[in-house]
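# Coordinate inspection notes
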Amino acid sequence: MSLLHIKDLHLGFKTLTGQADVLHGIDLDIAEGEKVALVGESGSGKSVTARIVLGLLQETRTARITGKVQFDGQDINAMSARNRAALRGTEMSMIFQDPTSSLNPMFTIGNQFTEVLRRRDPKLSKSASHTRATALLDEVAIPDPDRVLGAYPFQMSGGMNQRVMIAMALANKPKLLLADEPGTALDVSVQAQTLTMMRDMVTQNGTSVLFISHNLGVVREFADRVYVIYRGKIVEDGPTDALFSNPQHAYTRALMSAVPRITGVGLPEVPEFSDDFLAPRVRHGEASS
Amino acid sequence: MIRTLRILAANPLSLLGLVLVCLITLAAIFAPWIAPFPTHNGAVVDFLNNNRAPSTRNWMGTDLVGRDIFSRILFAYQISLTLGVVVLAIAVPIGTMIGLLAGYIGGWLEMILMRIVDVFLSIPPLVLAIAMMGVLEPTLTNAMLAVTAMWWPWYARLVYSIARGEREEGYVLAAEVIGAGAGHIAFREILPNCLPAIITKMTLDMGFVIIIASSLSFLGLGVQPPTADLGSMVAEGARYLPDSWWLTVFPGLAILIAVFGFNLLGDGLRDVLGVDE
Amino acid sequence: MSGIFRLLLNRLGISLIVLVGVSMLIFAIARIIPGDPARIALGPNANAEQIANLRAEMHLDAPLTLQYGHFVADVLRGDLGTSLYTNRPVTQDIAQFLPATLELVFLAGLIMVAVGLPLGILAARHRGRWPDNLVRVIALLTVSAPGFVWAVILMLLFAFYLPLFPIAGRISDVYEIERTTGFLIIDTLLVGNWAAFGSAVHHLILPAIALSLSGIGQAARLTRANMVETYDKPYIEMAQAFGFFPSRIARSYAFKPSLIPSLTIIGLDFAAMLGNAFLVEAVFAWPGLSRYGVAVILRKDLNAIMGTVLIIAITFLIVNIIVDLLIAFLNPRIRYSTRGSS
């Protein structure tokens, strides 16, 4: 049984004039310990998918969500807001695009760490939290954990903040990690470094990952399996090797030919639209469900 | 323009503001024809009917010399709105020019102009106006002068902060590259970007000018009797509280309603035009 | 801490420049007076000799630059001249009347913060829903009337119809309190007279509320606007992604960062209260600076007018410096910056 099972997920936003549809029936599965990538351009619906899994978009009044999102056997959409919030920060967590602006500028790293650790262990003392945070920062190869714990995010480099975020996101040993374009705001070399570290850590912990990206080069290095999303629909999915060696769907091919280097930076230049992009979904290997 | 109005009217609060502003403006313009006692704007005395509580004859009662308070409020709106329009018509262009100069040209000019603005902004507006009225004769013209003198710096600072931001924007650099003159850039490129903020502030400020002007006359430093003015009406009546409550309550509410109307409208405009608070 | 120290020096420097400008402005206002200031001050019955004496005393025959020099030199010596109205040094008059005004303004400021900020937080947390709209209407209403209108309405409702509060004055006549600081709240406590303290507070409440109302509206609107902006920041989403309680997010993640821009404006509102105190004091017969200010203005008492405005401007500058330091203290970005200013 898969850890995350998404079936026929639809999302629309209520607007003044009617409803703007964003997702048109997404099917996606992540097995335990599996690293899955969701690849597409900005506006394709990949980020909102992650926010539905986290249960954040359900709190938005204008959002209309239908379909099934099953996490660890529980239906996220059917849950109360309170129960959804209880899963966040404990059973699942998230890493964001820009580590520096995602950390609160008003509090030290140590303070924010304590809050994160208290999600799992509400009675954790300050000193116990300090000890655990030190150990966790050690794992992400931060040389001087004490100094970092006493520092504010703006006093540190983006790479350091990214390591801190990874440590925080994995601190409570979540079952699922969502990573939304992690480190895109960083230098390419720093991004590659922190991603490798993140991959090693989740592999070691057996954490499942939903990795969201527009960058096929990064995805190839990271994911076991890839879903390609276009305009709110999955157009192709399969094991990373199979999909990269033999892309079938016109949109996937366009996306790939737009990446000249393996560490390609910036948004790929994909043609605005082609009729072929609307072709039916392609599945590689045995269909997973 | 039409589109803006339509979006504005979709919000009930903004619509209420628009209606209030229109009603008050019309009432002020047509005061001599609407007022039940058109002569009561001036030095009229009717001791037979003085200090009467509200009745069907005098909806808002009469004052100490028997003048109809409702009629006087309508005429007082004339003074308030005229003052507001004149003050803004002078202060806004001056402040905008200075803000544009300081924000776009920069350098020592920016330094000097903005320090002068700081000086004006470091005295509470009402205190500055009171001090000016203290040395000037209390007349409508001087009240306008005093309020204008304290008002332009706010526009200078508003336009300055926007212009300074726009100075670095791509389209300004592009215009400089193709050799557009400073005047062209300041007025044709930067100024249009300041307009939504200026218009919003002007609407809100109509209310604030009414408040400041009525405050001056409340202290006896503005328009002089017998001319009807909301502030001095409240001041005269305050001595006869609580028995002759209508002397103060109605002129006070008249200020509240007028300013509330402009504030609702300005607040709605801010949302529609996308201006930051 | 060096960040804060540098900031303090920087702000003091700027304030000094502004203060020089303010003195010029006040001087200029005093000289735009049409006619002879000495004759206006002495009234129509003064003879030529009296006028000549006063002209000499006011240095009116010297060139303008020299007159300004005399003015500054006097101010620096702590000499604001003699009030022609009270025949006492202006500094002495101000020392007598300022504490009453400050007492009023400080309590009004406290009420503004204590009521305005929570209203703004409430609106921001429920943005787009009915509490937001309600706060919007309340805020717009409170800023829509000058202090004297609120003073009259409050007095009518809560002093006359519902006699909960006294109608006028600072303290009941039955108490004779020795003026040590001039702040009755403090002086009554210094002599340990609790009944007098209660009376002073009782007298203070209604005028302070009247003075605070428009500030409450401003503070609520501003807090809401800044908080709504902060709610869009990535670190809020991160806090939500980690499942922190909404109330915790509102307090630590949305309110605290948005307090910083709000504080600047709250400082400005404080200053506006110094002006609005003139209006509220007049209604409640509050023996503060305004009663003095209006009296001297009506008598064209130049020294007293200039002195009063100068003191208010200085008070305002001090409040602003305090606000800047408070911001620096709250904002780690400034506290730990090595460059000093923001």
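What you see is a predicted model; the values in this text were computed from it and never measured.

With that settled, the discussion passes to the overall build of chain C. Each helix and strand in chain C was counted, giving 14 helices and zero strands. Shown N-terminal to C-terminal, the secondary structure of chain C runs as helices and strands in the order α-α-α-α-α-α-α-α-α-α-α-α-α-α. Taking the principal axes of the C-alpha coordinates as reference, chain C spans close to 85 × 55 × 40 Å. Put simply, chain C has 342 residues, and 45% of those count as buried. Residue pairs at least 24 apart in sequence account for 72% of intrachain contacts in chain C once pairs closer than 6 positions are excluded.

Our next topic: the packing of helix α4 (residues 69-105) of chain B against helix α7 (residues 140-167) of chain B. Residue and element names in this part refer to chain B. α7 packs onto α4 with a crossing angle of 35° between their chain directions and a minimal axis gap of 5 Å. Here α4 and α7 pass one another in a crossing that is right-handed. Of the residues belonging to the contact of α4 with α7, the class tally is 26 nonpolar, five polar and three charged.

What follows is about the arrangement of the chains. For the two pairs of chains in contact, the maximum contact count is reached by chains B and C. In this view chain A stays clear of chain B, with the nearest C-alpha atoms of the two still 11 Å from each other.

What follows is about the interface of chain B and chain C. Each side of the interface is counted separately: chain B has 39 residues, and chain C has 46 residues. Counting residues per element, the ones that place at least two in the side of chain B that touches chain C are α5 (107-121), α6 (125-135), α9 (182-218), α10 (230-238) and α11 (246-273) of chain B. Top contributing element to the side of chain B that touches chain C by residue count: α11(B), with nine residues. Here the residues of the side of chain B that touches chain C are counted per class, giving 26 nonpolar, nine polar and four charged.

Residues and elements named next belong to chain A. Spatial ordering of the open sheet is given by β2-β1-β4-β5, a layout of four strands whose pairing is antiparallel. Since the sheet does not close on itself, it has two edges, and those belong to β2 (19-30) and β5 (74-75), each with one partner. In the sheet, strand β1 (residues 4-14) pairs with β2 via nine bridges, with the strands oriented antiparallel. Bridge pairing in β2 places leucine 11 opposite leucine 23.

With that settled, the discussion passes to the confidence of the model for chain B. Model confidence for chain B is summarised by a mean pLDDT of 87, while 99% of its residues fall at 70 or above. Ranking the elements of chain B by mean pLDDT puts helix α8 (residues 170-177) of chain B last with 75 and helix α2 (residues 12-29) of chain B first with 93.

This part covers the pairing of strand β3 (residues 35-39) of chain A. All names here are of chain A. Of all five residues that make up β3, five are buried, and the element is covered over most of its length. Of the two faces of β3, the one lined by Lys35, Ala37 and Val39 and the one lined by Val36 and Leu38 are each fully buried. With five bridges joining them, β3 and strand β8 (residues 208-213) adopt parallel strand pairing. Among the inter-strand pairings, lysine 35 is bridged to a residue of β8, identified as valine 209. As paired strands, β3 and strand β9 (residues 225-230) are joined by four bridges and run parallel to one another.

Moving on, we come to the environment of C:Pro63. In this structure, C:Pro63 sits in the loop between α3 (48-57) and α4 (64-76). With 9 C-beta atoms packed within 10 Å, C:Pro63 lands in the exposed category.

Locating B:Pro32 in the fold gives a position in helix α3 (residues 31-34). On a C-alpha basis, the gap between B:Pro32 and B:Tyr77 in space is 12 Å, while along the polypeptide they are 45 residues apart.

Moving on, we get to the nonpolar core. Residues A:Leu210, B:Ala129, B:Val147 and C:Ala151 are the most contacted members of the largest nonpolar core, which totals 267 residues. Looking at this core element by element, the count peaks at 21 residues for helix α11 (residues 246-284) of chain C.

Another point: the sheet that holds strand β7 (residues 176-180) of chain A. All names here are of chain A. Ordered by their spatial adjacency, seven strands build an open sheet running β6-β7-β8-β3-β9-β10-β11, and the pairing between neighbours is mixed. Both edges of this open sheet fall to β6 (92-95) and β11 (282-283), since each of them pairs with a single strand only. Sheet analysis places β6 next to β7, joined by four bridges and oriented parallel. Across the sheet, the residue bridging to methionine 92 is leucine 176, located in β7.

Here we come to the confidence of the model for chain C. All names here are of chain C. Here chain C shows a mean pLDDT of 84. Residues at 70 or above account for 96%. Across residues 338-342, where pLDDT falls below 50, the model places eight contacts with residues more than four positions away in sequence or in other chains. Scored by ipTM, the complex comes to 0.89, with pTM at 0.83.

Calculation notes
- Residues numbered from 1 in each chain as written.
- Chains lettered and ligands numbered in written order.
- Predicted model: local features only at pLDDT ≥ 70, side-chain atom pairs only at ≥ 80, totals over all residues.
- Helix = DSSP H or I, 4+ residues; strand = E, 2+ residues; numbered from the N terminus.
- Buried ≥ 20, exposed ≤ 12 C-beta atoms within 10 Å, placed from the backbone.
- Contact = placed C-beta atoms within 7 Å.
- Axes fitted to C-alpha atoms, helices over the stretch in contact; angles between N-to-C directions.
- Left-handed = near helix turned anticlockwise from the far one by under 90°.
- Nonpolar A, V, L, I, M, F, W, Y, C, P; charged D, E, K, R; others polar.
- Pairing = 2+ DSSP bridges.
- pLDDT = per-residue confidence, 0-100.
- Core = buried A, V, L, I, M, F, W, Y, C linked by C-beta atoms within 7 Å.

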